[in-house]
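Residue-level listing of the chains:
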Amino acid sequence: MTQGDPTPGTPAAADPQPAPIVVAPAPVDAPTEPPAEDAAATPRLRNRLQIAILAILLLYTCSIAEAVVVPVLIAMLFGLMLAPPVRLFDRSRVPRGLSSLLMVLLAIAIIGGAISALASPARAWVARMPDALARIETVAKDLRRPFQVATDATRELGKITQMDGSAPVRIVDSSPSPFAAALSAAPAVIGGIVITIVLTFLFLLHGDELLRKFVTLAPHLRAKRDLVEATRTAQSEISMYVLTVTLINAGLGLATAIALWLLHVRDPLLWGGVAALLNYAPFIGPMVTAVMLLVVGFAEAATPALALAPPAAFLGLHLLEGQLLTPHLVGRRLALDPVMVFIAMLVLGWMWGVAGFLLAVPLLTCAKIIAERIEGGDAIVALLSRHA
């Protein structure tokens, strides 16, 4: 037995096994989470879309509910404007119902007096309208005389096209007359006036109770105090703004009437009142007034050069009012962005007609004043402000 032979009875040594090969698993990419700003932007975008849809639905509702929405908005504006005087009467121990009734009657007297003062010259102008239209037609014929050749050629061409012997088609206007249209719209107008008067009285009488109900909805004491302070300040500022703008427009109307009187234009008070009323609608109102005065000038002036004097005088006065008087009295803080004013006038005018044109600027001003007093209203203020 050699030394290398295994000993009998002992098991032979097992052959060495190769070491197992361990294969590392392929790295699995962890799910990547979106950045924090993207995750926060998603609900913000969703909220903006919801707000946009809500705004569109609100505009559509206001458009179809014009007969209700317009009187309510006018009554709210009158309520905000007349609330500070009613509060002064309360401090003097005057019953709130009596003071509210007095302020409503005072507003009716002022508006009714202005309408009655303009009614007589308006009737006189309507009576002279046929003569004025005939004069305008004469002036128009003189102005379009150079184009008469083209008109005659067009008429001859029309005769040639009818040489087939067919009878000309007669067009009958079946639309209602202006008097019939005004008569049919009278019940709605009267109903809107009555609703506005009643709602204005109710807002003045129960305005503080409504404010207390809204205060109870505030989450904490500081929010309640801020809401009361914002409402009181907004009422005072809106009242002062509407009063200031009304006095400015009345001054512009008076200056326009004096200028037209010096130019020997008949019924100057009528056109001064029209200028004062339409000045509540920037851009469009003065433009309409200038066009109306241009028609009046051609109806009464002896020459086309003199016909341009009434609209030129009004535009000069409007330029002074818009560039000097209004910025000085109203101030830069309440100045509105012209683009937003024009868009608001287009939208509200499309929905509510003349009432929308006249309500656009007061509503934007109210929105800006209230947004300055509430938390989170900085975006609205920046959007509506003229100066950044």
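Here, the structure is the one placed above.
Parameters and conventions
- Residues numbered from 1 in each chain as written.
- Predicted model: local features only at pLDDT ≥ 70, side-chain atom pairs only at ≥ 80, totals over all residues.
- Heavy atoms only, no water.
- Helix = DSSP H or I, 4+ residues; strand = E, 2+ residues; numbered from the N terminus.
- Buried < 20%, exposed > 50% of the residue type's maximum accessible area, 1.4 Å probe, protein only.
- Contact = heavy atoms within 4.5 Å.
- Areas by Shrake-Rupley, 256 points an atom, 1.4 Å probe, with all protein chains shown as cover.
- Expected span 1.5 Å × (residues − 1).
- Arc of directions from axis to C-beta.
- Polar contact = N/O pair within 3.5 Å; in protein donor to acceptor, adjacent residues only side chain to side chain.
- 1 Å grid on protein atoms, 1.4 Å probe; cavity = no way out; pocket = protein on both sides within 12 Å on 5 of 7 lines; lining within 4 Å.
- Points joined across faces, edges and corners; volume = space filled by probe spheres on them.
- Nonpolar A, V, L, I, M, F, W, Y, C, P; charged D, E, K, R; others polar.
- Patch = residues over 30% accessible without salt bridge, like charges linked within 9 Å, V, L, I, M, F, W, Y side chains within 5 Å.
- Salt bridge = Lys/Arg side-chain N within 4 Å of Asp/Glu carboxyl O.
- Phe/Tyr/Trp six-rings, centres within 6.5 Å; stacked < 30°, edge-to-face > 60°.

Draft legend 1. Just the overall build of the chain, in detail. When its secondary structure is counted, the chain shows 13 helices and 0 strands. Scanning the chain from its N terminus toward the C terminus, one meets helices and strands in the order α-α-α-α-α-α-α-α-α-α-α-α-α. The buried share of the chain, taken over its 388 residues, is 27%. For the chain, the share of sequence-separated contacts (at least 6 apart) that also reach a separation of at least 24 residues comes to 71%. A total of about 26300 Å² of accessible surface is found on the chain, and carbon and sulfur atoms cover 71% of it.

Draft legend 2. Structural detail: helix α11 (residues 338–352). Here α11 contains 15 residues, and its C-alpha end-to-end distance of 20 Å stays within 8% of the 21 Å for a straight helix at 1.5 Å per residue. Every buried residue belonging to α11 is among Val341, Ala344, Met345, Leu348, Gly349, Met351 and Trp352, and all of these are buried. Looking straight down α11, one finds that the buried residues subtend no more than 160 degrees of arc, so they occupy a single side. Those residues of α11 that are exposed and aimed more than 90 degrees away from the buried face are Val339 and Trp350. Measuring from the backbone nitrogen of valine 339 back to the side-chain oxygen at the start of α11 gives 3.1 Å, which picks out aspartate 337 as the cap.

Draft legend 3. Seen up close, the layout of surface pockets. Size it by volume and the second largest pocket reaches roughly 1700 Å³. If you go around the second largest pocket, you meet 47 residues; those closest to its centre are Leu73, Met76, Cys366, Ala367 and Ile370. Here the residues of the lining of the second largest pocket sort into 38 nonpolar, 4 polar and 5 charged.

Draft legend 4. Here's a closer look at helix α7 (residues 268–278). Across the 11 residues that make up α7, a large majority, 9, are buried. Listing the buried residues of α7 in full gives Pro268, Leu270, Trp271, Gly272, Gly273, Val274, Ala275, Ala276 and Leu278.

Draft legend 5. Region of the structure containing a nonpolar patch on the surface. On the surface, Leu59, Phe283, Val339, Phe342, Ile343, Leu346, Val347 and Trp350 cluster together into a nonpolar patch covering about 770 Å² of accessible area. Ranked by residues supplied to the nonpolar patch, first place goes to α11 with 6 residues. Among the secondary structure elements, leucine 59 is positioned in helix α1 (residues 36–64).

Draft legend 6. Examining the packing of aromatic side chains more closely. A full pass over the atoms with the stated rule returns 2 aromatic pairs. Here the aromatic rings of phenylalanine 283 and phenylalanine 342 are separated by 6.1 Å at their centres, their planes lie at 70 degrees, and the arrangement is edge-to-face. Highlighted residues: phenylalanine 283 in the loop between α7 and α8 (284–300) and phenylalanine 342 in helix α11, separated in sequence by 59 residues. The partly exposed category is assigned to phenylalanine 283, whose relative accessible area is 41%. Among the residues examined, phenylalanine 342 registers a relative accessible area of 36% and is labelled partly exposed.

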